[in-house]
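# Coordinate inspection notes
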Amino acid sequence: MESVLTFARLAEEISREAGGMLLVKRPARPEVLATKSSPTDVVTALDRASEELIRARIRAVRPDDAILGEEGGSTGAGRVRWIVDPIDGTVNFLYGLPEWAVSIAVEVDGEVVAGAVNVAPRGEVFTAAKGHGAWLAGERLRCNTGVPLDRALIATGFGYEAGRRRVQAEVLARVLPRVRDIRRGGSAASDLCSLAAGRVDGYYERGPQYWDYAAGGLVATEAGARIGGLRGRPYNPDLTICAAPGLFEELHDLLAPLDPERDA
Ligand code: IPD
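What comes next is a walk through the structure. (Residues numbered from 1 in each chain as written. Predicted model: local features only at pLDDT ≥ 70, side-chain atom pairs only at ≥ 80, totals over all residues. Heavy atoms only, no water.)

### Focus on the sheet that holds strand β11 (residues 153–155)
Taken together, five strands build an open sheet; the order of strands is β12-β11-β13-β15-β14 and the sheet is mixed. Lying at the two open borders of the sheet, with one neighbouring strand each, are β12 (181–183) and β14 (226–228). If you compare each strand with its neighbour and ignore which way they point, the axes differ by 20° on average. With three bridges connecting them, β11 and β12 associate as parallel partners. Residue pairing across strands places Ala 155 opposite Arg 183, the latter belonging to β12. Seen against the sheet, helix α7 (residues 247–255) touches β11, β13 (202–205), β14 and β15 (240–243) and runs at an angle of roughly 145° to β15. (Pairing = 2+ DSSP bridges. Helix = DSSP H or I, 4+ residues; strand = E, 2+ residues; numbered from the N terminus. Axes fitted to C-alpha atoms, helices over the stretch in contact; angles between N-to-C directions. Contact = heavy atoms within 4.5 Å.)

Structural data, given as structure tokens:
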């Protein structure tokens, strides 16, 4: 079995290639090919092309591994599984905003051990390997520590369905007066890497899927953050909270009574 560092290098290389392809091929106005959970949850031809490229590169070097991708679903079986978001932040990609990323994580026996998040428009590739830290451009990342809730800059995001958004707005209205400010970047993978780099202090969101946060979650935890769900549950699509220990608990205790896992 390859070491976690080898997996991280492979994920990085593939994410660089996919990100480079997307930068070159992105037309001035990408066309929406299909919609998913709502009319604003879009897929472009390049989401699919990026995932096909990533799958082909993984198959070329690791033909027996399983892959879970946002566009192509689940394929294969085995101890090693690649978790792929070919474009996280597709709406930003559509509008030409510089906050979208290619996210690739590697699981061994169900645990994420390596990951890369290529925020291609910014030319930033974040990597992490379990037990070996999180890195950006040769610099080891450390998240901000010792920030109290009322000084914390918190990233979050919103789902695509109206009912869920109503609840998210309600929750946000209770969070906003208690924190420094809120940021809505539009890519969960990039939000978690920003947290690792100290550009925000905390993150919470209901709704992102595993491929949105698998790699970014490892980058954040390898930078010293804690990630989890409500009331001791592991992080999951119902709710993911991430921040340095201390702020994590404060944010959790603010969110828990607001029942943020509702959809109506
Ligand atoms: C979305 C982004 C966004 C988050 C949404 C996700 P997509 O992923 O990560 O930041 O708020 O919940 O669905 O649809 O662009 O891959």
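Still more to cover.
### A short note on the site of the ligand
Residues in close proximity to the ligand total 15 residues, the closest being Asp 88, Gly 89, Thr 90, Tyr 160 and Glu 205. Between the ligand and the protein, one listed contact pairs an oxygen atom with a side-chain N or O atom of Arg 184 at 3.0 Å. Separating an oxygen atom of the ligand from a side-chain N or O atom of Glu 205 is a distance of 2.4 Å. About the coverage of the ligand: the protein hides 94% of its 380 Å² of free accessible area. Here the ligand occupies the largest pocket. Of all the elements, strand β5 (residues 80–88) adds the most residues to the shell around the ligand, at three residues. Within the shell around the ligand, the residues separate by chemical class into four nonpolar, five polar and six charged. (Near = heavy atom within 4 Å. Polar contact = N/O pair within 3.5 Å; in protein donor to acceptor, adjacent residues only side chain to side chain. Areas by Shrake-Rupley, 256 points an atom, 1.4 Å probe, with all protein chains shown as cover. 1 Å grid on protein atoms, 1.4 Å probe; cavity = no way out; pocket = protein on both sides within 12 Å on 5 of 7 lines; lining within 4 Å. Sits in = over half its atoms within 2 Å of the grid points. Nonpolar A, V, L, I, M, F, W, Y, C, P; charged D, E, K, R; others polar.)

### Side note on empty space enclosed by the protein
For the structure shown, the criterion picks out one cavity of 30 Å³ or more. For the largest cavity, the calculated volume is near 80 Å³. For the lining of the largest cavity, the secondary structure elements donating two or more residues are α4 (162–175) and β13. In the lining of the largest cavity, the residues fall into six nonpolar, three polar and two charged. (Points joined across faces, edges and corners; volume = space filled by probe spheres on them.)

### What to know about the environment of Gly 76
Relative to the helices and strands, Gly 76 resides in the loop between β4 (73–75) and β5. Note: C-alpha distance between Gly 76 and Pro 63 (13 residues apart in sequence) is 9.2 Å.

### Description of the packing of helix α5 (residues 188–196) against helix α6 (residues 210–222)
Two elements in contact, α5 and α6, have axes separated by 8 Å at closest approach and are oriented at 0°. Between α5 and α6, the crossing angle belongs to the class labelled roughly parallel. The segment α5 lies against α6, with Ala 188, Ala 189, Leu 192, Cys 193, Leu 195 and Ala 196 engaging Asp 212, Tyr 213, Gly 216, Gly 217, Val 219 and Ala 220. Split into classes, the residues belonging to the contact of α5 with α6 amount to nine nonpolar, two polar and one charged. (Parallel < 35°, antiparallel > 145°, perpendicular 65-115°, else oblique.)

### As for the sheet that holds strand β7 (residues 111–119)
Strand order across the open sheet formed by eight strands is β4-β3-β5-β6-β7-β8-β9-β10, with mixed pairing between neighbours. Both edges of this open sheet fall to β4 and β10 (139–140), since each of them pairs with a single strand only. Bridge count for β5 against strand β6 (residues 101–108) is seven bridges, and the pairing is antiparallel. By the bridge assignment, Asp 85 is partnered in β6 with Ser 103. Packed onto the sheet, helix α2 (residues 45–61) meets β3 (66–69), β4, β5 and β6 and runs at close to 155° relative to β5.

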